[in-house]
Amino acid sequence: MEELPPEFRKRMRQMLRAEFPAFLSCMSRPSVRGIRLNPSKATRELLGKSLGFPLRSSVFSPFSYEIPSDAPKPGTIPLHHAGAFYSQEPSAASAVTILNPRPGEKILDLCAAPGGKSTQIAGILGGDGLLWSNEVVPGRAKVLLSNLERLGVKNAVVSSCHPEILCERLSGFFDRVLVDAPCSEEGMFRRDRSAVQSWSVEHVRSCAARQLLILRSAARAVRENGILVYSTCTFSREENEETVLAFLKEHPDFSLEPSGVEFGRPGFDLPRARRIFPMDGGDGHFAARLRRLSPCVCRAVPFDPPKAGGQKAAQALLEEVFQIPPEEKIVCSGGRLFVPPAGLPELSGLGVIRTGLLLGEIRTGRVEPSHALFLAAKPGMLRNVLDFPSDSRQIRAFLHGEELETDSSLKGYAGVAVDGVLTGFGKCSGGRLKNRYPKGLRIY
């Protein structure tokens, strides 16, 4: 790891005192590698059988596991492409564990890219409830969307909107709000050299000022008795305890409550908050759980769907793809067909990129199915499925974008699965499957 900045070392010595040598020793060792199971698509048993390396359970989440340092890069593993798991340092799951989302709730992940915490929330919701994932930077929002799609999430809205605008329009709408705030990333030093190079005291202070602004906006979106969790992946007091204290001073209608977890350690001056240092088994995280005590009028108005269009074409597609076509409300917008989540608010003016599940695009009287449609399905739901072992030549060829040989009796669209988990689709004709795996996702 690159040498730690002298001023950073000084600040950490003052913060940790007798534990500073242990901190330095941990910082000189590699970060713990990990993955997080997607319970909507796979089981612990499936991962254990298919991955070819041991998994060790993590204390930070029931779905998180440590993996060996010599394990293959997750992005090269077919089950990763199928959305069976998400690559994530285990302690990064701590904030959502503290948020404790429950099926049926409305959840806002306000600073969501690249999607680790949103996909974790989605796995807990299990399709029941509404997840709103927002990322203000458009390019990062596209990465967020890709990860939600890969993990088969059907009940999410993805937006790229300024927090102040989004939270004002959706005031009092959400049961739980997560602010995993942009920070100085001191907890990333072990695995990201750029975080070390960009660190400065001025950067820490500017992050703290921005974090407080984001928290002020987020507070508006929380309903009465709702939960607001603030988290960072940094060590500084300015960005952690001091930001929370400043927020509570301005918002006496919020209270800091126990985190409900035993991992990590109490925060400085805020024993109900939670800190994770490298000595605690993680890279570096902070989280505080706040509850809104005051009434909050919900300003969100119900979603007004556009006039129906393409219904016949959509129904024809669903009948071709599924053994029993799902009976769900379909919305047409801009030549695309969606299945929106239940309980949607009005979306206009909020920078929405995706609403619910994209079925496909209308093309001259027919609908071209989307990659997302198959990733959100189970193999047993489809008329045609080609299922290959994770170590097979065929699944590697499919992820490369190659055509596959099939039984000549197969006609039309077919899902392609790896160890029983769908990872894409193609179209069968004449004993061949024409590959529809997106070019931007292929392994080269």
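Preceding this paragraph is the structure being described.
What comes next is a walk through the structure.

Parameters at a glance
Residues numbered from 1 in each chain as written. Predicted model: local features only at pLDDT ≥ 70, side-chain atom pairs only at ≥ 80, totals over all residues. Heavy atoms only, no water. 1 Å grid on protein atoms, 1.4 Å probe; cavity = no way out; pocket = protein on both sides within 12 Å on 5 of 7 lines; lining within 4 Å. Points joined across faces, edges and corners; volume = space filled by probe spheres on them. Helix = DSSP H or I, 4+ residues; strand = E, 2+ residues; numbered from the N terminus. Nonpolar A, V, L, I, M, F, W, Y, C, P; charged D, E, K, R; others polar. Salt bridge = Lys/Arg side-chain N within 4 Å of Asp/Glu carboxyl O. Buried < 20%, exposed > 50% of the residue type's maximum accessible area, 1.4 Å probe, protein only. Phe/Tyr/Trp six-rings, centres within 6.5 Å; stacked < 30°, edge-to-face > 60°. Lys NZ or Arg CZ within 6 Å of the ring centre and 35° of its normal. Pairing = 2+ DSSP bridges. Contact = heavy atoms within 4.5 Å. Axes fitted to C-alpha atoms, helices over the stretch in contact; angles between N-to-C directions.

1. Focus on empty space enclosed by the protein
Next up, step 1: For the structure on display, the rule yields two cavities of 30 Å³ or more.
Next up, step 2: Going through the elements one at a time, helix H7 (138-150), strand E7 (156-159) and strand E17 (357-363) are the ones with two or more residues in the lining of the largest cavity.
Next up, step 3: Across the lining of the largest cavity, the residue classes break down as nine nonpolar, two polar and two charged.
Next up, step 4: For the lining of the second largest cavity, the secondary-structure elements that each account for two or more residues are strand E1 (34-37) and helix H6 (116-125).

2. Section: the pattern of salt bridges
Next up, step 1: Scanning the entire structure with this criterion turns up 26 salt bridges.
Next up, step 2: A salt bridge links Asp269 to Arg237; the nearest nitrogen and oxygen atoms lie 3.3 Å apart. Of the two residues, Asp269 sits in the loop between strand E11 (265-266) and strand E12 (274-276) while Arg237 sits in the loop between strand E9 (222-232) and helix H11 (241-250), which places them 32 residues apart along the sequence.
Next up, step 3: You can call Asp269 exposed: its relative accessible area is 61%.

3. Remarks on the packing of aromatic side chains
Next up, step 1: Inspection of every chain in the model, using the stated rule, returns 15 aromatic pairs.
Next up, step 2: Pairing Phe8 with Phe235 gives two aromatic rings, centres 6.4 Å apart and planes at 35°, and the pair type is tilted. Placement of the pair is Phe8 in helix H1 (residues 6-16) and Phe235 in the loop between E9 and H11, with a sequence separation of 227 residues. With respect to class, Phe8 is no different from Phe235; both count as buried.
Next up, step 3: A network of ring pairs unites the aromatic residues Phe8, Phe20, Phe23, Phe189, Trp199, Phe235, Phe268 and Phe277 as a single cluster.
Next up, step 4: Taking the ring centre of Phe268 as reference, the NZ or CZ of Arg237 above it sits at 4.4 Å.

4. Topic: the sheet that holds strand E21 (residues 412-418)
Within a sheet, neighbouring strands are paired by backbone hydrogen bonds and run either parallel or antiparallel to one another.
Next up, step 1: Ordered by their spatial adjacency, five strands build an open sheet running E19-E21-E22-E23-E20, and the pairing between neighbours is mixed. With partners counted over all chains shown, the strands left at the sheet margins are strand E19 (385-388) and strand E20 (404-405), one partner each.
Next up, step 2: Pairing analysis gives four bridges linking E19 to E21, with the strands arranged parallel. Across the sheet, Phe388 pairs through a bridge with Val418, a residue of E21.
Next up, step 3: The strands that helix H14 (residues 393-400) touches are E19, E20, E21, strand E22 (421-429) and strand E23 (432-435); relative to E22, the one it contacts most, it runs at about 80°.

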